[in-house]
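# Working through the structure, step by step
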Amino acid sequence: MSGTKSREILYGKSPEELAAICEQLAMPRFAARQIARWLYVRHVEDPLRMTDLSAANRQRLAELCTPALTPPERVSVSSDRTKKYLFRTLRGHFIESAYIPDGQRATLCVSSQAGCRMGCRFCATGRQGLQQSLSAAEILNQIVSLPEREHLTNLVFMGMGEPLDNMDNVLRALEILTAPWGFAWSPTRITLSTAGVVPQLERFLEASNVHLAVSLHNPFPDERAEIMPVEKAWPIARVVEILRRHDFTHQRRVSFEYIVMSGMNDSPRHIRELTRLLNGIKCRINLIRFHRIPDSPYFSPDDQAMIRFRDALTARGIQTTIRASRGEDIQAACGLLSTRLRAGI
């Protein structure tokens with residue numbers, strides 16, 4: 001409608017951006033820090049509840065702004081206590097995130113996109129294509145609106161989507177999560193997983209100190225390209241070259257995710273090539289059982305085969321672990337998140 005002002009979303013903005021809004025509304029610039037504290041420390045986004053602002057300023061802010069935080073629409077609970085939450089984005093798409101309690105540790109697997117355009121053959125999310133990249137507010141909403149928010153110890157950007165394909169919003173969310181004026185989380189509590197979007201990788205490494213996990217899954221370029229089309233655009237060798245130049249300290253880790261598919265990427269020659277490819281990088285390999293998706297030609301090895309593969313890599317000097325599968329019965333395990341049916345695809 002002509003003359004109608006667009007409504008601002010406060011959640012997801014930095015203090016500098018909040019200061020610009022304050023200036024627009026003839027509010028003092030220091031009010032930006034007060035607003036940030038309400039948003040990211042108290043998790044209140046309704047300006048009318050920001051009681052250390054004047055009543056007139058609260059009203060002006062409320063007339064300009066619109067809320068972004070929404071509760072999950074559905075929860076599925078696994079027999080192993082993993083919970084999968086369904087959220088609706090502001091544009092009407094759907095995403096899933098997985099809450100994984102484990103003793104004193106509680107991890108949330110967050111999504112950065114509704115769907116994904118990387119097209120990995122072993123991933124249910126990749127099958128639905130990309131519907132939307134999430135805003136910083138939509139990324140953070142998965143954390144803030146989580147019923148178990150106060151129990152969280154760790155975050156992993158390993159849900160739906162490729163985080164480096166939504167770089168600006170992911171970096172904004174990471175800044176808010178780790179900044180003293182934001183959630184004030186230590187970067188060591190957060191891990192970001194990527195298939196290797198080379199144009200954004202170096203920017204991410206410079207802009208953030210969170211841990212990095214690289215989806216590797218096959219060390220041979222031709223075989224990796226068959227299951228991960230991203231290899232054709234950005235080869236894993238180029239990703240490793242960038243990582244080899246980066247100074248990973250004891251406070252920042254790099255790991256490689258490796259979904260094991262029986263007879264496809266678990267042979268002695270794969271072990272030899274993994275050793276050669278990762279030589280000189282202080283890293284860890286996380287072995288993940290393949291979780292079957294409909295019409296998939298891939299299968300997971302049995303437990304003994306997984307252990308043999310792990311031990312062979314460990315013997316060659318690469319720290320290797322087998323990641324426990326969680327939430328498979330509710331389609332919350334690695335590679336199973338999908339809102340394809342809800343997207344009408």
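Structure: see above.
## Some points on the pairing of strand S1 (residues 74-77)
As paired strands, S1 and strand S2 (residues 83-88) are joined by 4 bridges and run antiparallel to one another. Bridge assignment links valine 75 to a residue of S2, and that residue is tyrosine 85. Once S1 ends, the chain turns through 5 residues before running back antiparallel as S2, passing arginine 81 with a positive phi of about 80 degrees.

## Points about the environment of valine 156
Topologically, valine 156 is positioned in strand S7 (residues 154-157). Along the backbone, valine 156 and glutamate 73 are 83 residues apart, and their C-alpha atoms lie at a distance of 21 Å.

## Topic: the pattern of salt bridges
Enumeration over the complete set of coordinates arrives at 20 salt bridges. Between lysine 13 and glutamate 8 there is a salt bridge; the shortest N-O distance is 3.3 Å. Here lysine 13 falls in the buried class, since its relative accessible area comes to 18%. Overall, the relative accessible area of 25% leaves glutamate 8 in the partly exposed class. One salt bridge in this structure joins aspartate 311 and arginine 310, with 3.0 Å as the shortest N-O distance. The structure contains a network of salt bridges with shared partners spanning Glu202, Arg238, Glu241 and Arg245.

## Notes on the state of the cysteines
Applying the stated criterion to the full structure yields 0 disulfides. With no disulfide of its own, cysteine 283 lies 18 Å from the sulfur of cysteine 334, the closest cysteine sulfur. The class of cysteine 334 is partly exposed, set by a relative accessible area of 35%.

## What to know about empty space enclosed by the protein
It is a probe the size of a water molecule, rolled over the atoms, that shows where empty space is left. Inspection of every chain in the model, using the stated rule, returns 1 cavity of 30 Å³ or more. Ala68, Thr70, Phe87, Arg88, Thr89, Leu90, Ile95, Glu138, Asn141 and Gln142 together form the lining of the largest cavity. Broken down by secondary-structure element, the contributors of at least two residues to the lining of the largest cavity are S2 and helix H5 (136-144). Examining the composition of the lining of the largest cavity, we find that 3 residues originate from one element, H5, more than from any other. In the lining of the largest cavity, the residues fall into 4 nonpolar, 4 polar and 2 charged.

## Structural notes on the packing of helix H1 (residues 15-24) against helix H2 (residues 31-40)
Look at H1 against H2: their axes get within 8 Å of each other, and the N-to-C directions meet at 125 degrees. When the axes of H1 and H2 are compared, the pair comes out oblique. Viewed along their axes, H1 and H2 form a crossing whose handedness is right-handed. Listed contacts from H2 to Pro15, Leu18, Ala19 and Cys22 of H1 are Ala31, Ala32, Arg33, Ile35, Ala36 and Leu39. When its residues are assigned to classes, the contact of H1 with H2 shows 9 nonpolar, no polar and 1 charged.

Rules used throughout
- Residues numbered from 1 in each chain as written.
- Predicted model: local features only at pLDDT ≥ 70, side-chain atom pairs only at ≥ 80, totals over all residues.
- Heavy atoms only, no water.
- Pairing = 2+ DSSP bridges.
- Helix = DSSP H or I, 4+ residues; strand = E, 2+ residues; numbered from the N terminus.
- Salt bridge = Lys/Arg side-chain N within 4 Å of Asp/Glu carboxyl O.
- Buried < 20%, exposed > 50% of the residue type's maximum accessible area, 1.4 Å probe, protein only.
- Disulfide = S-S within 2.5 Å.
- 1 Å grid on protein atoms, 1.4 Å probe; cavity = no way out; pocket = protein on both sides within 12 Å on 5 of 7 lines; lining within 4 Å.
- Points joined across faces, edges and corners; volume = space filled by probe spheres on them.
- Nonpolar A, V, L, I, M, F, W, Y, C, P; charged D, E, K, R; others polar.
- Axes fitted to C-alpha atoms, helices over the stretch in contact; angles between N-to-C directions.
- Parallel < 35°, antiparallel > 145°, perpendicular 65-115°, else oblique.
- Left-handed = near helix turned anticlockwise from the far one by under 90°.
- Contact = heavy atoms within 4.5 Å.

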